Amino acid sequence: GNNFTCGSTFTVQDGGVFKVQGGETISTAPTFNASSTLYFTGDEDGTADTFTLTSIASTTNNLLIFASADGTADTFMLGATTTVNGNLNLEAGTLHASTTGNFGITLKGNWTALATSTFSAASGTVTVATTSGKTITSGGESFYNLTLIATSVTITLEDDLDVNNHLTITAG
């Protein structure tokens, strides 16, 4: 991965994709329009690597997707508490909440984990906070703490759900 330097602000337009390896230094985090995508791919070198996601992913107003495109299981470690205002899709590889910070994820969209992916919650909390109907597809992965906050809507579980510590359900 290369570093990305931008002298001023830039915007990823609706439908646009900002594709990064995961280990780059981004000098200016982009503004993500509502239906744009931040896509982490891994380095595609054929070996399993670990990338710490930088501040570019700490608050995103977009659809956030993690993938490992080379057939190996790259790991994407959260570098901070992360807010995703769209959907979070785990296609392949591992999303890890961090071995040191146990960072949480606040999600305002759907959670979809395919069987080819892994979510390692550590002792972090995933919060799904929504005012419109959402789904959780765990892909067989466990959550450590899961908080569901739904204001007059339903959150649908698409498969078995395993929470290892605390499950909190709150009507907003």
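Anything mentioned here points back to the structure above.
Rules used throughout
- Residues numbered from 1 in each chain as written.
- Predicted model: local features only at pLDDT ≥ 70, side-chain atom pairs only at ≥ 80, totals over all residues.
- Heavy atoms only, no water.
- Core = buried A, V, L, I, M, F, W, Y, C linked by side-chain atoms within 4.5 Å.
- Buried < 20%, exposed > 50% of the residue type's maximum accessible area, 1.4 Å probe, protein only.
- Helix = DSSP H or I, 4+ residues; strand = E, 2+ residues; numbered from the N terminus.
- Contact = heavy atoms within 4.5 Å.
- Phe/Tyr/Trp six-rings, centres within 6.5 Å; stacked < 30°, edge-to-face > 60°.
- Lys NZ or Arg CZ within 6 Å of the ring centre and 35° of its normal.

## Quick look at the nonpolar core
Now for step 1: Among the nonpolar cores identified, the biggest contains 33 residues, and F66, L88, W111 and F119 are the most heavily contacted of them.
Now for step 2: By residue number, the principal contributor to this core is strand β17 (residues 142-150), which donates 4 residues.
Now for step 3: W111 has contacts with L88, L90, I105, F119, V126, T135, I136, T137 and F143, leaving out every residue within four places of it along the chain.

## Focus on the packing of aromatic side chains
Now for step 1: Inspection of every chain in the model, using the stated rule, returns 7 aromatic pairs.
Now for step 2: Centre to centre, the rings of F18 and F32 are 6.4 Å apart; their planes meet at 65°, and the pair counts as edge-to-face. Separated by 14 residues along the polypeptide, F18 in strand β2 (residues 17-20) and F32 in strand β3 (residues 31-32) bring together distant segments of the chain. Across the pair, exposure class does not vary: F18 and F32 are buried alike.
Now for step 3: Ring centres of F51 and F76 lie 6.0 Å apart, and the angle between their planes is 25°; on these two criteria the pair is classed as stacked. Remark: F76 occurs in strand β8 (residues 75-78) and F51 occurs in strand β5 (residues 50-53); sequence separation between them is 25 residues. We note that F51, like F76, is buried.
Now for step 4: Here a set of aromatic residues connected by ring pairs shows up, and it is made of F10, F18 and F32.
Now for step 5: In this structure, K19 packs its charged tip against the face of Y39, placed 5.4 Å from the ring centre.

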